[in-house]
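Understanding the architecture of this molecule
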Amino acid sequence: MIIALLNQKGGVGKTTLALNLAGEWARHGRRVTLIDADPQGSALDWSQQRAREGLDRTFGVIGLARDTLHREAPELARDVDHIVIDGPPRVAALMRSALLAADLVLIPVQPSPLDGWASAEMLALLTEARIYRPELTARFVLNRCGARTVLARETAETLADHDPPVLTATVGQRVAFAVAAQSGRLVSELDDDTPATREIAALTRAIDALGVGRAP
Ligand SMILES: Nc1ncnc2c1ncn2[C@@H]1O[C@H](COP(=O)(O)OP(=O)(O)OP(=O)(O)O)[C@@H](O)[C@H]1O
Ligand SMILES: [Mg+2]
């Protein structure tokens, strides 16, 4: 399955979720490659930091911030179980290419009602991609949910029939994500029984349950 984390908004958690989802699948024996499709190269920086810390490589990270991504990704996907694409903010051409490559698009958003979840341009690109790829699945993922998580969960349920729908598995505002990233780690490598680790595990299960990219 090719999963792309996309949102033109910056700082919503695309890289954080891409790395931790890739790591969680790898921890369960799946072969995973992460494509850093962001010219900023944050996932590659994380990988470099990880190497400096002398930590094992549990999944490969490759830089491919080109709008030929949709041509390369299916080839790369042949050798692994999952390709996770960490998308760029803003760059529409790269976003379009990632949308053409993906089986599943996850759009991380902060669950504030004041926060226009995704830009109109992003949703227009998604509609456009579906013309070519009617089977393309898309979901919002509520990230950085505050202490009023119950409220966030209600929001997720209320919005479950939105288009794109919202995954009911949400991720809280957890300092562990930033702490882990600084040392090239994943939240599960700090402690495998924290809210952040459990939320990532639940998120992978919710994604697996969608059954995207599975042979009919
Ligand atoms: N659930 C979370 N709890 C706490 N901090 C978070 C969470 N998710 C992301 N962050 C922090 O928010 C910041 C932005 O996250 P991240 O880099 O993943 O966003 P992004 O969408 O990839 O940004 P960009 O658009 O610049 O690529 C980082 O410092 C990250 O550690
Ligand atoms: Mg990023």
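Structure first, text after, so check above.
All of these numbers come straight from a predicted model, not from anything done at the bench.

1. Re the side chain of S97
With respect to the helices and strands, S97 occurs in helix 4 (residues 92-101). Look at S97 and you get buried, because its relative accessible area is 2%. Excluding residues that lie within four positions of it along the chain, S97 makes contacts with R66, D67, T68, L69 and H70.

2. Considerations on a nonpolar patch on the surface
A cluster of nonpolar residues, V175, V179 and L190, forms a patch on the protein surface that exposes about 260 Å² of accessible area. In this fold, L190 is placed in helix 8 (residues 187-190).

3. Some words on the nonpolar core
Counting 33 residues, the largest nonpolar core has L34, F59, V84, L106, L203 and I207 as its most contacted members. Taken together, the elements giving at least two residues each to this core come down to strand 1 (2-5), helix 1 (14-27), strand 2 (32-36), helix 2 (42-52), strand 5 (104-109), helix 7 (175-182) and helix 9 (195-210). Among the elements that make up this core, the one with the highest residue count is helix 1 (seven residues). With residues up to four places along the chain from it excluded, the contact list for I207 reads M1, L21, W25, L104, L106 and L167. Listed in part, the 29 residues of the second largest apolar core include I85, V105, L142 and C145.

4. Details of the site of ligand 1
The environment of ligand 1 is formed by 19 residues, the closest being K14, T15, T16, N143 and G172. With respect to ligand 1, the backbone of G13 contributes an N or O atom lying 3.0 Å from an oxygen atom. With the chains in place, 79% of the 630 Å² that ligand 1 exposes on its own is no longer accessible. At the level of secondary structure, the elements contributing two or more residues to the shell around ligand 1 comprise helix 1 and helix 7. Ranked by the residues each element gives to the shell around ligand 1, the list is headed by helix 1, at three residues. Class assignment for the residues of the shell around ligand 1 results in five nonpolar, nine polar and five charged.

5. Brief notes about the pairing of strand 4 (residues 82-86)
The two faces of a sheet get side chains in turn, since along a regular strand they alternate between them. A large share of strand 4 lies buried, amounting to five of its five residues. Bridge analysis of strand 1 against strand 4 gives four bridges, and the strand direction is parallel. Of the residues in strand 4, the one forming a bridge with A4 is I85. Sheet topology note: the strand 2/strand 4 ladder contains five bridges and is parallel. In the sheet register, T33 faces strand 4, and the bridge partner there is I83.

6. Thoughts on the sheet that holds strand 3 (residues 60-63)
Strands sit in the order 3-2-4-1-5-6 across an open sheet of six strands; the sheet is parallel. Taken across any chain shown, the strands that pair with only one partner, and hence form the sheet edges, are strand 3 and strand 6 (137-142). In this sheet, adjacent strand axes meet at a mean angle of 20° when their direction is disregarded.

7. So, the packing of aromatic side chains
Geometrically, a pair of aromatic rings is defined through the distance of the ring centres and the angle of the planes. One pass over the structure, following the stated rule, counts one aromatic pair. Consider the rings of W46 and F59, whose centres lie 5.6 Å apart with planes at 10°: the pair is stacked. You can see W46 sitting in helix 2 and its partner F59 sitting in the loop between helix 2 and strand 3, a full 13 residues away along the chain. Of the two residues examined, W46 and F59, each falls in the buried class.

8. Describing the side chain of S188
Topologically, S188 is positioned in helix 8. Its relative accessible area of 14% is what places S188 among the buried residues. With residues up to four places along the chain from it excluded, the contact list for S188 reads E24, R27 and T197.

Rules used in this analysis
Residues numbered from 1 in each chain as written. Chains lettered and ligands numbered in written order. Predicted model: local features only at pLDDT ≥ 70, side-chain atom pairs only at ≥ 80, totals over all residues. Heavy atoms only, no water. Helix = DSSP H or I, 4+ residues; strand = E, 2+ residues; numbered from the N terminus. Buried < 20%, exposed > 50% of the residue type's maximum accessible area, 1.4 Å probe, protein only. Contact = heavy atoms within 4.5 Å. Patch = residues over 30% accessible without salt bridge, like charges linked within 9 Å, V, L, I, M, F, W, Y side chains within 5 Å. Areas by Shrake-Rupley, 256 points an atom, 1.4 Å probe, with all protein chains shown as cover. Salt bridge = Lys/Arg side-chain N within 4 Å of Asp/Glu carboxyl O. Core = buried A, V, L, I, M, F, W, Y, C linked by side-chain atoms within 4.5 Å. Near = heavy atom within 4 Å. Polar contact = N/O pair within 3.5 Å; in protein donor to acceptor, adjacent residues only side chain to side chain. Nonpolar A, V, L, I, M, F, W, Y, C, P; charged D, E, K, R; others polar. Pairing = 2+ DSSP bridges. Axes fitted to C-alpha atoms, helices over the stretch in contact; angles between N-to-C directions. Phe/Tyr/Trp six-rings, centres within 6.5 Å; stacked < 30°, edge-to-face > 60°.

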